[in-house]
Amino acid sequence: MTTGVQPRHVRAVTTRRLLLDTTVACLAELGYAGTTGPAVAERAGLSRGAQLHHFGTRDQMVVAAVEHLAQQRLTHVHDSLAVRIADNPGTSARTNREAALAALELLAEAMSGPLYGATLELWAAARTNDDLRRQLVSAEERVHADLREICRAWITTDPLLVQITLDLLLGRGVSGMLVPHPPHWQRAVLERWIDTINTVDPKATGSRDEQS
């Protein structure tokens with residue numbers, strides 16, 4: 001019995017992952033309007049029934065896909081910061097300006113680019129779609145909880161500065177959709193923000209070691 005159930009479970013997980021990845025690709029290429037259930041099923045090489053089995057509506061599918069993409073990017077941020085600690089054993093979270101800047105750069109990367117644009121398009125569509133908005137707000141709350149935790153761990157524990165940091169990155173991601181920011185300018189903005197945080201909150205880098 002167990003051997004028969006496990007393959008079905010594995011296939012279900014694999015199929016769901018395929019649908020999510022395909023939906024993300026469709027959103028980036030076709031936008032919200034073009035990301036329909038039939039289009040995703042066809043591109044994924046699945047039947048319409050298989051697609052509906054996992055996601056009963058298009059909005060359920062696209063919201064799940066956007067959250068899936070966000071979690072992938074946050075995992076990349078966590079993994080990259082973990083590698084930094086492993087490569088520098090004497091440097092724990094928030095012990096210096098460079099570590100905080102590295103975290104900010106990784107967050108900025110996660111909150112920008114064409115795939116991030118797919119998320120912004122969903123926000124715009126949700127303005128006049130009550131059902132989509134309800135689902136999207138719940139997903140965004142979960143993602144932002146993770147974003148705030150990264151900020152608190154690596155940049156600052158001040159709640160207001162955490163929120164302003166995320167607002168800054170959001171605005172940067174939106175403006176960069178139309179006119180890409182020159183790399184040197186991006187770096188200068190993030191460096192200035194870290195220095196501003198350290199001026200307002202002198203313990204922003206280094207307090208974790210003091211509390212340990």
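Residues numbered from 1 in each chain as written. Predicted model: local features only at pLDDT ≥ 70, side-chain atom pairs only at ≥ 80, totals over all residues. Heavy atoms only, no water.

Another point: the packing of aromatic side chains. Tallied over the full model, the rule gives one aromatic pair. Pairing tyrosine 116 with tryptophan 123 gives two aromatic rings, centres 6.5 Å apart and planes at 80°, and the pair type is edge-to-face. Residue classification places tyrosine 116 among the buried residues on the basis of a relative accessible area of 9%. Looking at tryptophan 123, the relative accessible area reads 28%, which means it is partly exposed. (Phe/Tyr/Trp six-rings, centres within 6.5 Å; stacked < 30°, edge-to-face > 60°. Buried < 20%, exposed > 50% of the residue type's maximum accessible area, 1.4 Å probe, protein only.)

With that settled, consider the nonpolar core. Residues Leu107, Trp154 and Ile155 are the most contacted members of the largest nonpolar core, which totals 32 residues. For this core, the secondary structure elements donating two or more residues are helix H4 (58-87), helix H5 (97-110), helix H6 (114-126), helix H7 (130-154), helix H8 (159-178) and helix H9 (183-200). The element contributing the most residues to this core is H5, with nine residues. Membership of the second largest hydrophobic core comes to twelve residues, among which are Tyr32, Val62, Val66 and Leu122. (Core = buried A, V, L, I, M, F, W, Y, C linked by side-chain atoms within 4.5 Å. Helix = DSSP H or I, 4+ residues; strand = E, 2+ residues; numbered from the N terminus.)

As for its position among the elements, glutamine 51 is in helix H3 (residues 48-54). Setting aside its immediate chain neighbours within four residues, glutamine 51 contacts Leu19, Gly37, Ala41 and Met61. (Contact = heavy atoms within 4.5 Å.)

Turning our eyes to something else, we now look at a nonpolar patch on the surface. Taken together, the side chains of Met177, Leu178 and Val179 define a hydrophobic patch exposed on the protein surface, amounting to about 340 Å² of accessible area. Assignment of secondary structure puts leucine 178 in helix H8. (Patch = residues over 30% accessible without salt bridge, like charges linked within 9 Å, V, L, I, M, F, W, Y side chains within 5 Å. Areas by Shrake-Rupley, 256 points an atom, 1.4 Å probe, with all protein chains shown as cover. Salt bridge = Lys/Arg side-chain N within 4 Å of Asp/Glu carboxyl O.)

Attention now goes to the pattern of salt bridges. Close approach of charged atoms allows side chains of opposite charge to pair. Enumeration according to the criterion identifies nine salt bridges in this entry. Between arginine 17 and aspartate 21 there is a salt bridge, and its shortest N-O distance comes to 3.2 Å. Taken together, the residues arginine 17 and aspartate 21, both in helix H1 (residues 2-34) and four residues apart, mark about one turn of the helix. The partly exposed category is assigned to arginine 17, whose relative accessible area is 42%. On the basis of relative accessibility, which here comes to 33%, the residue aspartate 21 falls in the partly exposed class. Close ionic contact of glutamate 29 with arginine 43 constitutes a salt bridge, the shortest N to O distance being 3.0 Å. Pair noted here: glutamate 29 is in helix H1 and arginine 43 is in helix H2 (residues 37-44), with a separation of 14 residues, a long-range link. By relative accessible area, which is 56% here, glutamate 29 ends up exposed. We classify arginine 43 as partly exposed; its relative accessible area is 40%. When salt bridges with common partners are traced through the structure, they connect Glu105, Arg187 and Glu191 into a single cluster.

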